[in-house]
Amino acid sequence: EPQGAQAIIYWAGFPDDPIAGPCLPGVVGHASSTEIVDAVAFTPGTDLVEAAHSTTVGGYPAAHVVLAVDEDTGCDPGFLFRWPLQDHAAWRGTEPGDIVRVWVVDVGSRLIFLVAETHRGTSPGTQLTERGLARLELEIRSIVESIEFE
């Protein structure tokens, strides 16, 4: 049994990634990054933590939103994307209480859907403190700020 992860960052080409399939009700393939993030902001089973806004990732225009998960809607292992689960995977799925950060980056020829999720931890010994969550947030921000596209 693998040890559970406290965070994951994943990305997929949108709308037609060859491995990860989106679970985004109401989002169509030709939508802009802003339209997609606006739709994500109203994902069932979530509360809005940070409203959708424009930003950049790797020098490209992007839209960003942050959600708190109230109810696992069954799109696992990613809350917004589904991919084949491997036996050795440390990230088994999203749980209520998780935070989901989404960036949709317009790299010109396609959109890149970038997601960072964090677990608060539900079992004794795995629960994150506020300080631990803040440290994860800084690490995620550092990783996203380091992204470059070629």
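Residues numbered from 1 in each chain as written. Predicted model: local features only at pLDDT ≥ 70, side-chain atom pairs only at ≥ 80, totals over all residues. Heavy atoms only, no water.

Counting through the fold element by element, Asp-106 comes out in strand β6 (residues 99-106). The exposure class assigned to Asp-106 is partly exposed, which follows from its relative accessible area of 30%. For the pair Asp-106 and Tyr-60, spaced 46 residues apart in the sequence, the C-alpha separation amounts to 6.3 Å. Here Asp-106 is in contact with Tyr-60, Pro-61 and Leu-111, once residues within four sequence places are set aside. A distance of 3.0 Å separates the side chain of Asp-106 from the backbone nitrogen of Gly-108, its partner in a polar contact. (Helix = DSSP H or I, 4+ residues; strand = E, 2+ residues; numbered from the N terminus. Buried < 20%, exposed > 50% of the residue type's maximum accessible area, 1.4 Å probe, protein only. Contact = heavy atoms within 4.5 Å. Polar contact = N/O pair within 3.5 Å; in protein donor to acceptor, adjacent residues only side chain to side chain.)

Next up on the list: the environment of Ala-62. Secondary-structure assignment places Ala-62 in strand β4 (residues 60-69). Its relative accessible area of 6% is what places Ala-62 among the buried residues. Those residues in contact with Ala-62, other than ones at most four positions away along the chain, are His-53, Ser-54, Thr-55, Thr-56, Val-57, Val-104 and Val-105.

With that settled, consider the nonpolar core. Within the largest apolar cluster, 25 residues are counted, with the highest numbers of intra-cluster contacts made by Ile-36, Val-40, Leu-80, Phe-81, Val-102 and Phe-113. When residues of this core are traced back to their parent elements, those giving at least two are β1 (7-14), α1 (33-40), β4, β6 and β7 (111-118). Sequence-distant contacts of Ile-36, that is, excluding residues within four places in its chain, are made with Phe-14, Val-27, Ala-31, Val-104, Leu-111 and Phe-113. Among the nonpolar cores identified, the runner-up in size contains 10 residues, and Val-57, Ala-62, Val-107 and Leu-114 belong to it. (Core = buried A, V, L, I, M, F, W, Y, C linked by side-chain atoms within 4.5 Å.)

Moving on, we get to the pairing of β7. Of all 8 residues in β7, 8 are buried, a share of seventy percent or more. Relative to β7, β1 runs antiparallel, the two being bridged by 8 bridges. Each bridged residue has a counterpart across the sheet, and for Tyr-10 the counterpart in β7 is Val-115. Here β6 pairs with β7 via 8 bridges, running antiparallel. Looking across to β7, one finds that Val-104 is bridged to Phe-113. The turn joining β6 and β7, which pair antiparallel and follow one another in sequence, is formed by 4 residues; a positive phi near 100° is taken by Gly-108. (Pairing = 2+ DSSP bridges.)

Note on placement: Pro-96 falls in the loop between β5 (81-82) and β6. As for Pro-96 and Asp-72, which are separated by 24 residues in sequence, their C-alpha atoms are 6.0 Å apart.

Okay, the sheet that holds β1 next. If you trace the 5 strands from one edge of the open sheet to the other, you get β1-β7-β6-β4-β3, paired in antiparallel fashion. Single-partner strands in this sheet number two, and they are β1 and β3 (46-57). Averaged over all adjacent pairs, the angle separating strand axes in this sheet is 15°, with direction ignored. Strands β1, β3, β4, β6 and β7 of the sheet are contacted by α1, whose axis makes an angle of about 5° with β4. (Axes fitted to C-alpha atoms, helices over the stretch in contact; angles between N-to-C directions.)

With that settled, the discussion passes to the packing of aromatic side chains. Applying the stated rule across the entire model yields 2 aromatic pairs. Residues Phe-14 and Phe-113 carry aromatic rings whose centres are separated by 6.0 Å and whose planes lie at 35° to one another, so their mutual orientation is tilted. Note that Phe-14 is positioned in strand β1 and Phe-113 in strand β7, a separation of 99 residues in sequence. (Phe/Tyr/Trp six-rings, centres within 6.5 Å; stacked < 30°, edge-to-face > 60°.)

The next point concerns the side chain of His-64. Tracing the backbone through its elements, the reader meets His-64 in strand β4. Residue classification places His-64 among the buried residues on the basis of a relative accessible area of 8%. Engagement of the side chain of His-64 in a polar contact is seen with the backbone oxygen of Val-102, the distance being 2.9 Å. Setting aside residues up to four positions removed in sequence, His-64 forms contacts with Val-37, Glu-50, Ala-51, Ala-52, His-53, Thr-55, Arg-101, Val-102 and Trp-103.

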